[in-house]
Amino acid sequence: MSPRRARRMDPWDRGGRAAPARPLDGALRGMDRVEEGPDGEWKVRLVSGAGSDKTYRCPGCDQEIRPGLPHIVSWPNWTGGEGERRHWHTGCWHKRADRGPGRTRY
Ligand SMILES: [Zn+2]
């Protein structure tokens, strides 16, 4: 015989509670985020490139980042690191971590 339990509202029985992921949280506040890499902590800023007419050179691939191209600016997350800002292609920045330690920082 099965015990008769009161059927209460079961919190697990509501179609699965999707975790309220909030991936936009940081993005909405805008700006810099900190990424930890094999070579330390980096501040990372996404820039749209809009309104810029400067051409940068990406340290990842040594190619130019054309004006208007969305890309990444990063710099070491330590005092004075802002003076070491570098502009990266977005893809190059992400590939950077895959190359592992031992490469030059910039
Ligand atoms: Zn690049």
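Look a little higher up for the structure.
These notes cover the structure that comes with them. Since the model is a prediction, treat every value here as computed from it, not as a measurement.

### So, the overall build of the protein chain
Tallying secondary structure elements over the protein chain gives two helices and six strands in all. Helices and strands appear in the protein chain in the N-to-C order α-β-β-β-β-β-β-α. Taking all 106 residues of the protein chain together, the buried fraction comes to 11%. Considering only intrachain contacts with a sequence separation of at least 6, the fraction spanning at least 24 residues in the protein chain is 45%.

### Details of the sheet that holds strand 1 (residues 33-37)
One key point about sheets: their strands pair by backbone hydrogen bonds, in either a parallel or an antiparallel sense. If you walk across this open sheet you meet the four strands as 1-2-5-6, and the pairing is antiparallel. With one partner strand each, in any of the chains shown, strand 1 and strand 6 (86-88) form the two edges of the open sheet. Across the sheet, the axes of successive neighbouring strands diverge by a mean angle of 35°, strand direction being ignored. In this sheet, strand 5 (residues 71-76) lies alongside strand 2 (residues 40-47) in antiparallel orientation, the contact comprising six bridges. Across the sheet, residue valine 47 finds its bridge partner in strand 5, namely histidine 71.

### Structural notes on the pairing of strand 5
With three bridges connecting them, strand 5 and strand 6 associate as antiparallel partners. Bridge pairing links serine 74 to arginine 86 in strand 6.

### A closer look at the environment of proline 70
Examined against the element boundaries, proline 70 turns out to sit in the loop between strand 4 (64-65) and strand 5. According to the C-beta neighbour criterion, proline 70 is exposed, with 12 such atoms within 10 Å. Residues proline 70 and alanine 50, spaced 20 residues apart in sequence, show a C-alpha to C-alpha distance of 7.5 Å. Not counting the four nearest positions on each side in its chain, proline 70 is found in contact with Leu46, Val47, Ser48, Gly49 and Thr90.

### Focus: the environment of tryptophan 42
Structurally, the position occupied by tryptophan 42 is in strand 2. Classification of tryptophan 42 by C-beta neighbours within 10 Å gives buried; the count is 24. Residues tryptophan 42 and glycine 81, 39 residues apart in the sequence, show an inter-C-alpha distance of 8.9 Å. Each residue touching tryptophan 42, except ones within four places of it in the same chain, is listed here: Glu35, Gly37, Ser74, Trp75, Pro76 and Asn77.

### A closer look at unusual backbone geometry
Positive phi, close to 60°, is recorded for aspartate 62, a residue that is not glycine. Here aspartate 62 lies in the loop between strand 3 (56-57) and strand 4. Here aspartate 62 falls in the exposed class, since 8 other C-beta atoms lie within 10 Å of it.

Calculation rules
The residue count restarts for each chain, going from 1 along the sequence in the order it is written. Thresholds applied to this predicted model are a pLDDT of at least 70 for local features of residues and 80 or more for the giving and counting of side-chain atom pairs; totals over whole chains, interfaces and linings are not thresholded and use all residues. The way it works is that DSSP assigns letters per residue, a run of H or I at least four long becomes a helix, a run of E at least two long becomes a strand, and they are numbered from the N terminus. Each residue is classified by how many other C-beta atoms fall within 10 Å of its C-beta atom, where C-beta atoms are placed from the backbone; a count of 20 or more means buried, 12 or fewer means exposed, and values in between mean partly exposed. In this description, a residue-residue contact is defined by the distance between C-beta atoms placed from the backbone, which must lie within 7 Å. In this description, strands pair whenever DSSP reports at least two bridges between them. Helix axes are fitted only over the stretch in contact, all axes being lines through C-alpha atoms; the angle between N-to-C directions runs from 0 to 180 degrees.

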